[in-house]
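Chains, contacts and geometry: an overview
Read off the chains here:
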Amino acid sequence: MDTSSKTNNHNLEHAVAGAVSGFVTRFICQPLDVVKIRFQLQVEPINNHHVSKYRSVAQAFYLISKEEGIFALWKGHVPAQVLSIVYGMSQFYSYHMIITTFNNFSLLNEWRYSTKFVAGSCAGFAATVISFPFDTIRTRLVAQSSNHSIYKGIFHSCSCIIQHESPKVFFYGLLPTLLQIVPHTGLQFAFYGLFSDMYKKYYNESNVSFYNSTISGSLSGLLAKTAIYPFDLSRKRLQIQGFKHGRQGFGSFFECVGLIDCLRLTFKVEGVRGLFKGLVPSQLKATATTGLHFTVYEQSLAFLKTLR
């Protein structure tokens, strides 16, 4: 096998490992994502002393299961899986290609974690643009009530959006998503590299172990998500604009026109805490998903290398 063929196979391994990582992570953590989205889209306060529909993580899990059935916690799972597979494959493949290019420049070795941040940001940008339509479909399927369903599934939702709205709807919320994802992914990879190196140095390891990738991935996910959370909330609220009928029974409907207006109105109506509504389930999800994401990726990559 010539050198170019070997290189292409090695690059393909990163894409396959990323796809497997996305699939496994999504399946396990989807319920947390459903609860997080429900919290983000609720205008009323989230606390036990209010008449809001959702008042805590445990209560939200119970209420969704009671009213809509246990499988509602995996609502929108098919487009979410497509999203995760496409995103994971694009992200890790892009990151590998970019970081490999950076490694050819010796001057960048002194800026190791900065290059990881830049490579991660670029990979996040590419993966987000490629997979974003699936994210919009997933959000709408999760946002609608089972008692007032507008969409019957992924293909029906695509058809309805194209016929009754506009193909541009698939990219509603792209700007705040990129503003969120670009630094978020960059921080994830930078923190992961930092914590992973610290772990290897402390335990005198040469390779990334299972425990290393799990711990480093979890910490990087927690810190990165907390840093950019208001943009995540804005993205979800922008993705349901024009979808008022599908939100019957969930309380007030949040209407806005763009990122700045969304942040302004959220702050005006709900205060600073409103910008971080759903943060706890989001942090739980980020910690679990990022830990799983990097762990499954590293383990899948190691397995694929044994098959060479």
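Here's what I pulled together on the structure shown here. All residue numbers refer to positions counted from 1 along the written sequence of the respective chain. pLDDT decides what is reported in this predicted model: residues at 70 or higher carry local features, side-chain atom pairs at 80 or more are listed and counted, and totals for whole chains, interfaces and linings draw on all residues regardless. Note that water and hydrogens are dropped before the side-chain values are worked out from all heavy atoms of the structure.

Let's shift gears to the packing of aromatic side chains. Two rings belonging to Phe, Tyr or Trp (six-membered ring only in the last case) form a pair when the distance between their centres is within 6.5 Å. Interplanar angles under 30 degrees mark stacking, angles over 60 mark edge-to-face geometry, and anything in between is tilted. Counted under the stated rule, the structure contains 13 aromatic pairs. When the centroid spacing of 3.8 Å and the interplanar angle of 10° are considered together, the rings of F92 and Y297 count as stacked. With F92 in helix α3 (residues 77-102) and Y297 in helix α9 (residues 279-306), this pair connects stretches of sequence that are 205 residues apart. The exposure class assigned to F92 is buried, which follows from its relative accessible area of 1%. Through successive ring pairs, a cluster of aromatic residues spans F92, Y95, F189, Y192, F294 and Y297. Secondary structure elements are taken from DSSP: a helix is a run of H or I of four residues or more, a strand is a run of E of two residues or more, and numbering for both begins at the N terminus. Exposure categories follow from relative accessible area, calculated using a 1.4 Å probe and restricted to protein chains: below 20% of the type maximum is buried, above 50% is exposed, and the middle band is partly exposed.

Here the focus is the nonpolar core. Residues belong to a common nonpolar core when they are buried Ala, Val, Leu, Ile, Met, Phe, Trp, Tyr or Cys residues joined through side-chain atoms within 4.5 Å. Counting residues in hydrophobic clusters, the biggest one holds 15 residues, and the most contacted among them are V35, F39, L41, Y54, A60, I64 and I240. Elements with a minimum of two residues in this core: α1 (3-41), α2 (57-68) and α4 (112-143). In terms of residues, this core owes the most to one element, α1, which gives five residues.

What follows concerns helix α5 (residues 154-164). Of all the positions in α5, only I154, S157, C160 and I161 are classed as buried. Down the axis of α5, the buried set is contained in an arc of 130°. They therefore lie on one face. The outward face of α5, more than 90 degrees from its buried face, is lined by the exposed residues F155 and Q163. In this description, contact between two residues means that some pair of their heavy atoms is separated by no more than 4.5 Å. Buried-residue contacts for α5 involve α3 and α4. When we speak of the arc, we mean the arc of directions from the helix axis to the C-beta atoms.

Looking now at the packing of helix α7 (residues 210-239) against helix α8 (residues 259-275). Viewed as axis vectors pointing N to C, α7 and α8 meet at an angle of 115°, and their least axial separation amounts to 10 Å. Along this stretch, α7 crosses α8, giving a crossing that reads as right-handed. Facing α7, whose interface residues are Y229, P230, F231, L233, S234, R237 and L238, α8 presents L259, C262, L263, T266, E270, G274 and L275. Each residue gets one of three labels, nonpolar for Ala, Val, Leu, Ile, Met, Phe, Trp, Tyr, Cys and Pro, charged for Asp, Glu, Lys and Arg, and polar for the others, Gly among them. In terms of residue class, the contact of α7 with α8 is made up of nine nonpolar, three polar and two charged. For helices, the axis comes from a line fit to the C-alpha atoms of the stretch in contact; other axes are also lines fit to C-alpha atoms, and the angle between any two N-to-C directions lies between 0 and 180 degrees. Note on convention: the crossing is left-handed when the near helix lies turned anticlockwise from the far helix by less than a right angle, right-handed when the turn is clockwise.

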